[in-house]
Amino acid sequence: MDSLAPDERIWTAALVVIGDEILSGRTQDKNVAQIAAWLNVQGIRLSEVRVVGDRTEAIVEAVNALRARNDYLFTTGGIGPTHDDITVDAIAEALGVGVQHHPDAMAVLERYYATRGGLTEVRARMARVPAGASLIVNNVSGAPGIRWGNIFIMAGVPHITAGMLDALTGKLEGGRPVVSRSVGCWVAESEVADLLRDAEKAHEGVAIGSYPFFREGRVGANFVVRSADETLVERCVAHLTQALQAIGRDVVADGI
């Protein structure tokens, strides 16, 4: 739980990662981390992520479920020119609207492909949007992303997604970004569970995440302290560091 003033609220977003190639393991998703980090800077928390294949019914169900309980919904993947890129059609079905070629998207693609063989019927598929949508600028590969209300339909290729996020920076309403600090310690997580709980309890508004690991033949853990209040984070980190040192443990600032 974050430390919030009475008039503050937590803004949340969900992400639907779309693509059979993600589920099969052929492609490793990199968008979750970069979208989560970007959202945090906007003061928005990524609250949940769902990965679905290229199936209309799965996309429709995920979109309708996640958009209903979050302020924003992002999707990545399935907006290319090929027959299996069905995201636009599926989201239009979820919204109960038709699909149309956006005139501004057509103009963008015509300019982009003017020296690349021209805008073919297949390439024009990337100008299709759910009716009523606006566009997200894509300076990387021409084909724009799509915004419909609180839904942001983005490319699956990470560097293209990054460009679309840049275009959205500062344009979404959010709260205060979460601040996080890490400390590491060569200790079994189970040995300090009570210590972590006490530190979190002593600093209302802070959440402490514990991430154990096994390296160099021994166990350790990194502890990540998070809050919207930077001062509170610093106090909790100091408390946690002192508590670990008091039981004879060496603490590594910023984690191991």
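In this report, the structure presented in the accompanying data block is examined. (Residues numbered from 1 in each chain as written. Predicted model: local features only at pLDDT ≥ 70, side-chain atom pairs only at ≥ 80, totals over all residues. Heavy atoms only, no water.)

Some words on the packing of aromatic side chains
Argument step 1. According to the stated counting rule, one finds 6 aromatic pairs in the structure shown.
Argument step 2. Considering the side-chain rings of Trp 11 and Tyr 72, the 6.2 Å spacing of their centres and the 20 degrees angle between planes classify their relative orientation as stacked. A residue pair is termed long-range when its members are at least 10 positions apart, and Trp 11 in strand S1 (residues 11-18) and Tyr 72 in strand S3 (residues 72-76) qualify at 61 residues. Comparing Trp 11 with Tyr 72 shows no difference in burial state: the two are buried.
Argument step 3. The interplanar angle of 70 degrees and the centroid separation of 6.1 Å between the aromatic rings of Trp 38 and Phe 74 together place this pair among those described as edge-to-face. Of this pair, Trp 38 sits in helix H2 (residues 31-41) while Phe 74 sits in strand S3, placing them 36 residues apart in sequence.
Argument step 4. Looking at Trp 38, the relative accessible area reads 10%, which means it is buried. (Phe/Tyr/Trp six-rings, centres within 6.5 Å; stacked < 30°, edge-to-face > 60°. Helix = DSSP H or I, 4+ residues; strand = E, 2+ residues; numbered from the N terminus. Buried < 20%, exposed > 50% of the residue type's maximum accessible area, 1.4 Å probe, protein only.)

Structural notes on the pairing of strand S7 (residues 145-148)
Argument step 1. Bridge count for strand S6 (residues 134-136) against S7 is 3 bridges, and the pairing is antiparallel. Paired with Leu 135 across the strands is Ile 146, a residue of S7.
Argument step 2. With 3 bridges connecting them, S7 and strand S8 (residues 151-154) associate as antiparallel partners. Residue pairing for S8: Arg 147 is matched across the bridge by Phe 152. (Pairing = 2+ DSSP bridges.)

A few points about the layout of surface pockets
Argument step 1. Of the voids in this model, the largest pocket is the one considered here, and its volume is about 420 Å³.
Argument step 2. At the level of secondary structure, the elements contributing two or more residues to the lining of the largest pocket comprise helix H4 (87-95) and helix H7 (158-168).
Argument step 3. Per-class residue counts for the lining of the largest pocket are 13 nonpolar, 8 polar and 6 charged. (1 Å grid on protein atoms, 1.4 Å probe; cavity = no way out; pocket = protein on both sides within 12 Å on 5 of 7 lines; lining within 4 Å. Points joined across faces, edges and corners; volume = space filled by probe spheres on them. Nonpolar A, V, L, I, M, F, W, Y, C, P; charged D, E, K, R; others polar.)

Overview of the packing of H2 against H7
Argument step 1. Relative orientation of the contacting elements H2 and H7 amounts to 15 degrees, with a least axis distance of 10 Å. As judged from the angle between their axes, H2 and H7 are roughly parallel. Between H2 and H7 the crossing geometry is right-handed. Across from Asn 31, Gln 34, Ile 35 and Trp 38 in H2, the residues of H7 making contact are Pro 158, Thr 161, Ala 162, Leu 165 and Leu 168.
Argument step 2. For the contact of H2 with H7, a count of residues per class yields 6 nonpolar, 3 polar and no charged. (Axes fitted to C-alpha atoms, helices over the stretch in contact; angles between N-to-C directions. Parallel < 35°, antiparallel > 145°, perpendicular 65-115°, else oblique. Left-handed = near helix turned anticlockwise from the far one by under 90°. Contact = heavy atoms within 4.5 Å.)

Quick word on the pairing of S1
Argument step 1. Within S1, 8 of the 8 residues are buried, leaving the element largely enclosed by the surrounding structure.
Argument step 2. Because side chains alternate across S1, one face comprises the buried residues Trp 11, Ala 13, Leu 15 and Val 17, and the other comprises Thr 12, Ala 14, Val 16 and Ile 18, equally buried.
Argument step 3. Alignment of S1 against S3, held across 5 bridges, turns out to be parallel. From the neighbouring strand, Leu 15 faces S3, where its bridge partner is Phe 74.

So, helix H9 (residues 230-246)
Argument step 1. For H9, which comprises 17 residues, the first-to-last C-alpha distance of 24 Å matches the rise-based estimate of 24 Å (1.5 Å per residue) to within 8%.
Argument step 2. Within H9 the residues assigned to the buried category are Leu 232, Val 233, Cys 236, Val 237, Leu 240, Thr 241, Ala 243 and Leu 244. An end-on view of H9 places all buried positions within 165 degrees of arc, on one side of the element. Across H9 from its buried face, at more than 90 degrees, point the exposed residues Arg 235, Gln 242 and Ala 246.
Argument step 3. Against strand S9 (179-185), helix H8 (193-202), strand S10 (207-215), strand S11 (218-227) and strand S12 (251-253) lie the buried residues of H9.
Argument step 4. Where H9 terminates, the next one or two residues include Gly 248, which has phi positive at roughly 85 degrees. (Expected span 1.5 Å × (residues − 1). Arc of directions from axis to C-beta.)

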